[in-house]
Amino acid sequence: RAGVSKSSPPCLKWFEEVLQGGMVDSFTEFWPLVESRFTCWDQYKNKRYTNQGARIDYILVDGEWFHQHAVRGASQLYGTS
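What counts, and where the lines are drawn
Residues numbered from 1 in each chain as written. Predicted model: local features only at pLDDT ≥ 70, side-chain atom pairs only at ≥ 80, totals over all residues. Heavy atoms only, no water. Salt bridge = Lys/Arg side-chain N within 4 Å of Asp/Glu carboxyl O. Helix = DSSP H or I, 4+ residues; strand = E, 2+ residues; numbered from the N terminus. Buried < 20%, exposed > 50% of the residue type's maximum accessible area, 1.4 Å probe, protein only. Expected span 1.5 Å × (residues − 1).

## A word on the pattern of salt bridges
Part 1: Applying the stated criterion to the full structure yields three salt bridges.
Part 2: Measuring nitrogen to oxygen at the nearest pair gives 2.8 Å for the salt bridge that ties Arg 55 to Asp 25. Of this pair, Arg 55 sits in the loop between strand 3 (53–54) and strand 4 (60–62) while Asp 25 is found in strand 1 (residues 23–25), placing the two residues 30 residues apart along the sequence. You'll find Arg 55 and Asp 25 in the same group, each marked buried.
Part 3: Residues joined by salt bridges that share partners form a network here, namely Asp 25, Arg 55 and Asp 57.

Structure (structure tokens):
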């Protein structure tokens, strides 16, 4: 199925526990409506085009800190548009 992670159930369970412990994935927080956020695909089988892969670039941040201090985009940091 397109857009489905191939991560193992133990990995997914551990990750859910981390998130329930108060950590947030910064990408998901900044772009909550994006689906199928994969960044790694089997190139030999051309899986990028069917969007079957894994996400390997999570940036986890303390949820409370993130919601108080996170800024999305350079325009907000530097006052440009």
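## Quick look at helix 1 (residues 9–20)
Along an α-helix, residues three or four apart share an orientation, since each turn contains 3.6 residues.
Part 1: For helix 1, spanning 12 residues, the distance from its first C-alpha to its last is 16 Å, which sits close to the expected 16 Å at 1.5 Å a residue.
Part 2: Once helix 1 ends, the next one or two residues include Gly 22, with phi positive near 115°.

## Structural notes on unusual backbone geometry
Comment: phi is negative for the bulk of residues other than glycine, and the bulk of peptide bonds are trans.
Part 1: Backbone geometry places Asn 46, a non-glycine residue, at a positive phi of 60°.
Part 2: Within the secondary structure layout, Asn 46 lies in the loop between strand 2 (40–41) and strand 3.
Part 3: Asn 46 sits in the partly exposed class, given a relative accessible area of 40%.

Geometric descriptors of this kind do not, in isolation, establish any biological role.
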